[in-house]
Amino acid sequence: MSPKDIEAGVRKGSAELLVLALVEDRARHGYEIGKLIEERSGGVLRFHIASLYPMLYRLERRGLIAGRWVEKPGQRRRRFYHLTPQGRVVLAHQRSRWEEFIHALTRVAGIRHA
């Protein structure tokens, strides 16, 4: 497995966690979610709209998030997503698993905080 394959796998595996975490406290629309991921990661993580929206639809079908259309005068209609109770359970589990994974990487690879 190449370094690019590993990086792609980590990004794909973390995408769900990132989206669930961003809609935990308040509803957000897809474009805002994508921009926040990019901003908060310092540009390291970017999700193209072509991959972000299908993921949002999958999370909604699984019952982890719920969306509703909102129309505001002078703006286009947007779908805002919020975390469901089932999504909160999954998010807590994912956070725990990622924390274990990051601690293991730190121990094995000797990664130090900057």
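Everything here concerns the structure above.
Rules of the game
- Residues numbered from 1 in each chain as written.
- Predicted model: local features only at pLDDT ≥ 70, side-chain atom pairs only at ≥ 80, totals over all residues.
- Heavy atoms only, no water.
- Phe/Tyr/Trp six-rings, centres within 6.5 Å; stacked < 30°, edge-to-face > 60°.
- Helix = DSSP H or I, 4+ residues; strand = E, 2+ residues; numbered from the N terminus.
- Lys NZ or Arg CZ within 6 Å of the ring centre and 35° of its normal.
- Core = buried A, V, L, I, M, F, W, Y, C linked by side-chain atoms within 4.5 Å.
- Buried < 20%, exposed > 50% of the residue type's maximum accessible area, 1.4 Å probe, protein only.
- Contact = heavy atoms within 4.5 Å.

### Looking at the packing of aromatic side chains
The way to describe two aromatic rings as a pair is by their centre distance and the angle between their planes.
Here is step 1 of the chain: Considering all chains together, one arrives at 2 aromatic pairs under this definition.
Here is step 2 of the chain: Arranged with centres 6.4 Å apart and planes meeting at 40 degrees, the rings of Y53 and Y57 form a pair that is tilted. Placement of the pair is Y53 and Y57 together in helix α3 (residues 49–61), with a separation of 4 residues, close to one helical turn.
Here is step 3 of the chain: Ring geometry for W98 against F101: centres 5.5 Å apart, planes inclined by 90 degrees, an arrangement best described as edge-to-face. Linking W98 with F101, this pair stays in helix α4 (residues 85–109), spanning 3 residues, or about one helical turn.
Here is step 4 of the chain: When the ring centre of W69 is taken as origin, the NZ or CZ atom of R77, which lies over that ring, is 4.0 Å away.

### A word on the nonpolar core
Here is step 1 of the chain: Of all hydrophobic cores here, the largest spans 20 residues; its most connected members are V19, L20, I33, L52, L56, L59 and I65.
Here is step 2 of the chain: Contributions of two or more residues to this core are made by α1 (3–22), α2 (30–40), α3, β3 (78–83) and α4.
Here is step 3 of the chain: Sort the elements by how many residues they give to this core and α1 lands first, with 5 residues.
Here is step 4 of the chain: In contact with I33, not counting residues within four places along its chain, are V19, L22, V23, R28, L52 and L56.

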